[in-house]
Amino acid sequence: MSATGSIAEVGAPSARSRALAVLRVRSRALAAVLLPAALAVVLVSARLTGRLAGDPWPAVTLAVCAVAVLVLLVGGIFGAVVLRAGPAVTPTVPLPEAAAPDLYRLVRDLADRMDVPAPSAIALTPDCDSWLEDRTHPAHRRTAISAGPESEPGAAPVLVIGSPFLWWMRVAELRAVLAPVVAGTGPSAHPDIADARGFVRGLDAAVDVGSRPGLGWIAHPARLLLRLCQNDAAEMERGVAAAASDRAHDVDYGLRIVAQEQVGLAYAGWDRLLTRVALPAWRMGRWPTHLDAGVVSALTELSRRDRLADEFTSRLGERPACDLLERPGVIDEATSLLAARLFHGGPAETGPDWSPVDWAAYPEEVVDRKWRTEATRLHAALDAVRVQAGGAGRPGAAPAAPAPPAPAGDGFGGPTLERVLGYLTDPGGDCCAGEALAGRLSADLAREDLAREERTAAPRAGSGGSRGADTLPLFPLQPPRAGRDLLADHVTALVCCAAVDSAGAAPGLDWLDGPVLLVGGERRADLAARVLSLVEEGDPEPLRDWLAEVGVRPEKPVRLG
């Protein structure tokens, strides 16, 4: 391969022409900055030779020179910001060659087969995607964001691989999926394309610099230039992708079609694992240490439920791609912590309020603790609502609605399920009591979230702030819970606590649905509809029937968290 890279593939000529169009935008911006200076030089030369004698030329020359100096000063500052501002770098887990020699060998073999430069390094991301990322900008070396060979001028891009792929895919499938990604190093090596990409990344970084105090003016010309070249930049990237796909066409093409199905399946399982299993633990201040191994369990369970077990069992007998790592458990733990930072905004390191949890301990340390914390919050909110009702009538109800009885008169002033059942029972069906309790829960939870964010933000403020994964969080998984959904979750948690305390039930973990209640070793999935009947209609009878069937005593006090 030549030093400038081959662009003979389909799409590469288009990518180069689009790159030149982006560079023309840069040239025009430079010409606009130099134009007043050129005009000033002409006027000064004419004045010195006596061709522009007399009024008003002295004043015009002075004004044009002043404008030229100002434009040059502003343009010079803007240009320096574009050149020096560090482009954003995706938070990843670095994977040195000593930690994955077989994986590096596989990638280099792919690069040799396609006659393209091998990536300078490999990194992992807790997402179901793979791409090339340039980390040669001088700002990355100055801030120690990247200090390896990948940061040297002229180095090939870094290959970023989604960590779920390594655990779910087989070695041959991973090689087929990575082939078009690795092939992208060929077009990326072309100087025009590399120069155009650097210009666009510099403008994007300048927009970020413009958000700082005193530098707001920098963002305006940066956004203008980005708008002028965004279409050409997008078409350039499409051309690069087309060229890479064409070069990788003959490398495991048939297997790649099959492997793409596994990519979609891995994405579905990863999303389900994060939202249903990891998120409840993160909210409790715990982070599961082996999310990548968990996605294998989740996808295996998904295939079993969809009656695809035979098909997937055959492929699971092949060598998994995680065997390419020397210490997969350590890498899994690092990517799991990064996932918590990216998707939830958790701290970068373990601390008193942020500790790891293993899958074996998840039911007791996360599920049971989650239920009891929510049961405690529910009873505290009920106490507060009853106090308000005693002084100002029933909260959230119409003026004609009767006030609920005082706590001393309900017969169950302690933390019992019967107390909540009695409060939410509403024969009229207007559910005013439920609305008041849901509002109180939303307010209490919002205060807790705010206090937690302030605790985690304090160390960052003390260190002068940061960019990247510490900006809380980059990719939030779910919007904040509120209203009746929040109330239903808390009532469900209280019911589960009562079942554990009085009916011999146990907390459990379902790889696709997260926390579940086990009664007699079997999952009970019929609780949600009965809780919704109580919360949304004020009808407790379906839930009471369920409690009687399971053997739960609602009048027995519940152990709170």
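What you are looking at is a predicted structure, and each value in this text was computed from that prediction instead of being measured.

(A) Seen up close, the overall build of the chain. Along the backbone of the chain there are 19 helices and nine strands. Within the span of the chain, comprising 561 residues, buried residues form 45% of the whole. Across the chain, contacts joining residues at least 24 apart in sequence account for 79% of those joining residues at least 6 apart. Accessible area of the chain: about 26,000 Å², with a carbon and sulfur share of 58%.

(B) Here's a closer look at the pattern of salt bridges. Here the structure, examined in full by the defined rule, presents 28 salt bridges. Across the pair Asp513 and Arg276 runs a salt bridge, and its minimum N-O distance is 3.3 Å. Of this pair, Asp513 sits in the loop between strand E7 (506-510) and strand E8 (514-519) while Arg276 is found in helix H10 (residues 253-283), placing the two residues 237 residues apart along the sequence. Residue Arg276 is classed as partly exposed on the basis of its relative accessible area, which comes to 34%. With a shortest N-O distance of 3.1 Å, Asp368 and Arg372 are connected by a salt bridge. With Asp368 and Arg372 both in helix H14 (residues 362-392) and four residues apart, the pair spans about one turn of that helix. Grouping residues by exposure puts Asp368 and Arg372 together as buried. Here the salt bridges share partners, and the residues they tie into one network are Arg272, Arg276, Asp510, Asp513 and Arg523.

(C) Representation of the sheet that holds E7 in the model. What the three strands build is an open sheet, ordered E7-E8-E9; its pairing is antiparallel. Looking at the sheet topology across the chains shown, the edges are occupied by E7 and strand E9 (522-523). Relative to E8, E7 runs antiparallel, the two sharing five bridges. What sits directly across from Asp510, in E8, is Gly514.

(D) Inspection of the sheet that holds strand E4 (residues 158-162) at higher detail. The strand order across the open sheet formed by four strands is E1-E2-E4-E3, and the pairing between neighbours is mixed. Sheet topology places strand E1 (93-95) and strand E3 (130-133) at the edges, where each strand pairs with a single neighbour. Pairwise comparison of adjacent strand axes, ignoring direction, gives a mean angle of 30 degrees for this sheet. Pairing between E3 and E4: four bridges, direction antiparallel. Counterpart to Trp131 in the pairing with E4 is Val160. Against the sheet, helix H6 (residues 171-183) touches E3 and E4, its axis set at about 145 degrees to E4. Running at roughly 155 degrees to E1, helix H13 (residues 328-344) makes contact with E1 and strand E2 (121-125) of the sheet.

(E) The arrangement of the environment of Val296 in detail. Mapped onto the fold, Val296 is located in helix H11 (residues 291-305). In this structure, the C-alpha to C-alpha distance between Val296 and Trp168, residues 128 residues apart in sequence, is 5.7 Å. The contacts of Val296, once residues within four sequence positions are left out, are Trp167 and Trp168.

(F) Broad picture of the confidence of the model for the chain. Averaged over the chain, the pLDDT score is 84; the fraction of residues at 70 or greater is 84%. Note that pLDDT drops below 50 for residues 391-412; the model gives that stretch 28 contacts with residues more than four away or on any other chain. Contacts of residues 462-470 to residues separated by more than four positions or lying in other chains number 13 contacts, the stretch itself having pLDDT below 50.

(G) Quick look at helix H8 (residues 191-209). Compared with the 27 Å implied by 1.5 Å per residue over 19 residues, the 26 Å span of H8 between its first and last C-alpha is a close match. Those residues of H8 lying buried are Asp192, Ile193, Ala196, Arg197, Phe199, Gly202, Leu203, Ala205, Ala206, Val207 and Val209.

(H) Representation of the packing of H8 against helix H9 (residues 219-247) in the model. In contact at an axis separation of 9 Å, H8 and H9 are set at 145 degrees when each is read in the N-to-C sense. The hand of the H8/H9 crossing is left-handed. Each of Ile193, Ala196, Arg197, Phe199, Val200, Leu203, Asp204, Ala206 and Val207 in H8 lies in contact with H9, whose residues at this interface are Ala219, Ala222, Arg223, Leu225, Leu226, Cys229, Ala233, Met236, Glu237 and Val240. Class assignment of the residues belonging to the contact of H8 with H9 gives a composition of 15 nonpolar, no polar and four charged.

(I) Geometry of the nonpolar core. Judged by nonpolar contacts, the single largest core of 115 residues is most densely connected at Leu103, Trp282 and Val491. Val81, Leu203, Leu225 and Leu226 belong to the second largest nonpolar core, which has 25 residues in total.

(J) How the structure looks around the packing of aromatic side chains. Across all of its chains, the model carries two aromatic pairs by this definition. A ring pair is formed by Trp359 and Tyr362, whose centres lie 5.8 Å apart and whose planes are at 45 degrees; its orientation type is tilted. Here Trp359 matches Tyr362 in class, with each residue buried. Here Trp359 and Trp511 contribute two aromatic rings whose centre-to-centre distance is 5.0 Å and whose plane-to-plane angle is 75 degrees, an arrangement assigned as edge-to-face. Here Trp359, found in the loop between strand E6 (355-357) and H14, pairs with Trp511, found in the loop between E7 and E8; they are 152 residues apart in sequence, far enough to count as distant. Members of the aromatic cluster, joined through ring pairs, are Trp359, Tyr362 and Trp511.

Scoring rules and cut-offs
Residues numbered from 1 in each chain as written. Predicted model: local features only at pLDDT ≥ 70, side-chain atom pairs only at ≥ 80, totals over all residues. Heavy atoms only, no water. Helix = DSSP H or I, 4+ residues; strand = E, 2+ residues; numbered from the N terminus. Buried < 20%, exposed > 50% of the residue type's maximum accessible area, 1.4 Å probe, protein only. Contact = heavy atoms within 4.5 Å. Areas by Shrake-Rupley, 256 points an atom, 1.4 Å probe, with all protein chains shown as cover. Salt bridge = Lys/Arg side-chain N within 4 Å of Asp/Glu carboxyl O. Pairing = 2+ DSSP bridges. Axes fitted to C-alpha atoms, helices over the stretch in contact; angles between N-to-C directions. pLDDT = per-residue confidence, 0-100. Expected span 1.5 Å × (residues − 1). Left-handed = near helix turned anticlockwise from the far one by under 90°. Nonpolar A, V, L, I, M, F, W, Y, C, P; charged D, E, K, R; others polar. Core = buried A, V, L, I, M, F, W, Y, C linked by side-chain atoms within 4.5 Å. Phe/Tyr/Trp six-rings, centres within 6.5 Å; stacked < 30°, edge-to-face > 60°.

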